[in-house]
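Observations on the three-dimensional arrangement
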Amino acid sequence: MNDGMIAAIEAGGTKFVAALARPDGTLVERTRIETRDPSATFADLRQFFSAAADRHGAIAAFGIASFGPLDLDTDSPTWSRFTTTPKPGWSGASWHAALAQFGAPIALDTDVNGAALAEARAAGTRSLAYTTVGTGIGTGVVVSGTALRGFGNFEAGHLVPPQPAPAWHGTCPFHGACLEGLASGPAIAARWGKSLSDLGPHEIAIVAEILSSLAANLVLLHMPERLVFGGGVLHTPGLIEALRTATEKRLAGYVASPLLDSGLEGYLTLPKLGDDAGITGAVLLAQSMLKAIP
């Protein structure tokens, strides 16, 4: 593996986590940055990495696990830019331009793909689907150590699920009542005017029913060895249990596998790495970039 430090960034809708690490992945510095407009947020990142590199050594590679959507086609002239993101002000912002001053190669993927890579390694599974439910909703799928994607990142959060009564119009500016427009943190707050910790059993059951549509479809489409649901919304007391119950009911016994234990307690889990899944995935991305450098 090449000499030099590696820089890791988990870029989320409300916060960025930035870290400098040794090539073996050991973190030496870490900070949290509020997600503001691109100019201010990128300036904070550059300041942190410049100071950290002065203390520990030059940066040899960046690994970035970022919210999106992003242009992930490395042959595209707009590679690394944010595309139709609902995050105000971020469409058109470029990771490549933001970090050009460091002259280091960048391994870029979605935040959920990064977290999925980290969780798959932590769980020791060949396949895993990781879903984050926070300010947005997204899913990453890993098979044999590789995060799946097509010409762009997967957009599971914008699938339109069936709704339990009473139906609601949703908050997504593109699709209204898609998963993100119904069950993300901002959508929940807009619908019920409550913090997540104040949701009652009926409201939790509605959120679980909506998310179970995604969970069941992930099983049917990808047959992963593990489903992981993380993000701030999953901190809601009682939600993971309600989600397991609703998902098992939706699958209706059709998928016969010892991996799908009764009650799904071992199959549909919270992240093993907790809130560190994203930054750990970013470190793995940077390490992969180092290995690819001649």
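Here the structure is shown first, and the text comes after it.
These notes cover the structure that comes with them. (Residues numbered from 1 in each chain as written. Predicted model: local features only at pLDDT ≥ 70, side-chain atom pairs only at ≥ 80, totals over all residues. Heavy atoms only, no water.)

1. Examining the packing of aromatic side chains
Scanning all chains against the criterion turns up 11 aromatic pairs. Here F67 and W90 contribute two aromatic rings whose centre-to-centre distance is 5.4 Å and whose plane-to-plane angle is 75 degrees, an arrangement assigned as edge-to-face. Of the two residues, F67 sits in the loop between β4 (59-66) and α2 (95-98) while W90 sits in the loop between β4 and α2, which places them 23 residues apart along the sequence. The class of F67 is buried, set by a relative accessible area of 8%. On the basis of relative accessible area, W90 is assigned to the buried category, the value being 0%. Pairwise contacts between aromatic rings join F16, F42, F67, F82, W90 and W95 into one cluster. (Phe/Tyr/Trp six-rings, centres within 6.5 Å; stacked < 30°, edge-to-face > 60°. Helix = DSSP H or I, 4+ residues; strand = E, 2+ residues; numbered from the N terminus. Buried < 20%, exposed > 50% of the residue type's maximum accessible area, 1.4 Å probe, protein only.)

2. Some thoughts on the pattern of salt bridges
Opposite charge on two side chains lets them pair, provided their charged atoms get close. Enumeration over the complete set of coordinates arrives at seven salt bridges. E209 is the salt-bridge partner of R250, the closest N and O atoms lying 2.7 Å from each other. You can see R250 sitting in helix α7 (residues 239-251) and its partner E209 sitting in helix α6 (residues 201-222), a full 41 residues away along the chain. The exposure class assigned to E209 is partly exposed, which follows from its relative accessible area of 29%. (Salt bridge = Lys/Arg side-chain N within 4 Å of Asp/Glu carboxyl O.)

3. Description of the sheet that holds strand β6 (residues 127-133)
With respect to topology, five strands assemble into an open sheet ordered β8-β7-β6-β9-β10, the strand pairing being mixed. The strands lining the two open edges of the sheet, one partner per strand, are β8 (146-147) and β10 (268-269). (Pairing = 2+ DSSP bridges.)

4. What to know about a nonpolar patch on the surface
On the surface, L220, M223 and Y254 cluster together into a nonpolar patch covering about 370 Å² of accessible area. Among the structural elements, M223 can be located in the loop between α6 and β9 (227-230). (Patch = residues over 30% accessible without salt bridge, like charges linked within 9 Å, V, L, I, M, F, W, Y side chains within 5 Å. Areas by Shrake-Rupley, 256 points an atom, 1.4 Å probe, with all protein chains shown as cover.)

5. Quick notes on the packing of α6 against α7
Between α6 and α7, the shortest axis-to-axis distance is 7 Å and the interhelical angle comes to 50 degrees. Viewed along their axes, α6 and α7 adopt a mutual orientation that is oblique. As α6 packs across α7, the resulting crossing turns out to be right-handed. On the side of α6, the interface is formed by I204, V207, A208, E209, L211, S212, S213, A215, A216, V219 and L220, while α7 contributes L239, A242, L243, A246, T247, R250 and L251. Among the residues making up the contact of α6 with α7, the classes are represented as 13 nonpolar, three polar and two charged. (Axes fitted to C-alpha atoms, helices over the stretch in contact; angles between N-to-C directions. Parallel < 35°, antiparallel > 145°, perpendicular 65-115°, else oblique. Left-handed = near helix turned anticlockwise from the far one by under 90°. Contact = heavy atoms within 4.5 Å. Nonpolar A, V, L, I, M, F, W, Y, C, P; charged D, E, K, R; others polar.)

6. Some points on the side chain of S213
As for its placement among the helices and strands, S213 is situated in helix α6. Among the residues examined, S213 registers a relative accessible area of 8% and is labelled buried. Other than its neighbours up to four places away in sequence, S213 contacts P161, P162 and R250.

7. A word on the sheet that holds strand β5 (residues 106-110)
With respect to topology, five strands assemble into an open sheet ordered β3-β2-β1-β4-β5, the strand pairing being mixed. Taken across any chain shown, the strands that pair with only one partner, and hence form the sheet edges, are β3 (27-34) and β5. Taking each pair of neighbouring strands and ignoring which way they run, the sheet shows an average axis angle of 15 degrees. As paired strands, β4 and β5 are joined by five bridges and run parallel to one another. Note on β5: the bridge partner recorded for A65 is D109. Helix α1 (residues 38-56) contacts β1 (5-11), β2 (15-21), β3 and β4 of the sheet and is inclined by roughly 15 degrees relative to β2. Here helix α3 (residues 111-123) sits on the sheet in contact with β1, β4 and β5, set at roughly 95 degrees to β5.

8. Thoughts on α3
For α3, with 13 residues, the first-to-last C-alpha span of 18 Å sits near the 18 Å given by 1.5 Å per residue. With respect to burial, α3 is a largely interior element, 10 of its 13 residues being buried. Those residues of α3 that fall on the buried side of the exposure criterion are V112, N113, G114, A115, A116, L117, A118, E119, A120 and A123. Positive backbone phi, at 70 degrees, marks G124, one or two positions downstream of α3. (Expected span 1.5 Å × (residues − 1).)

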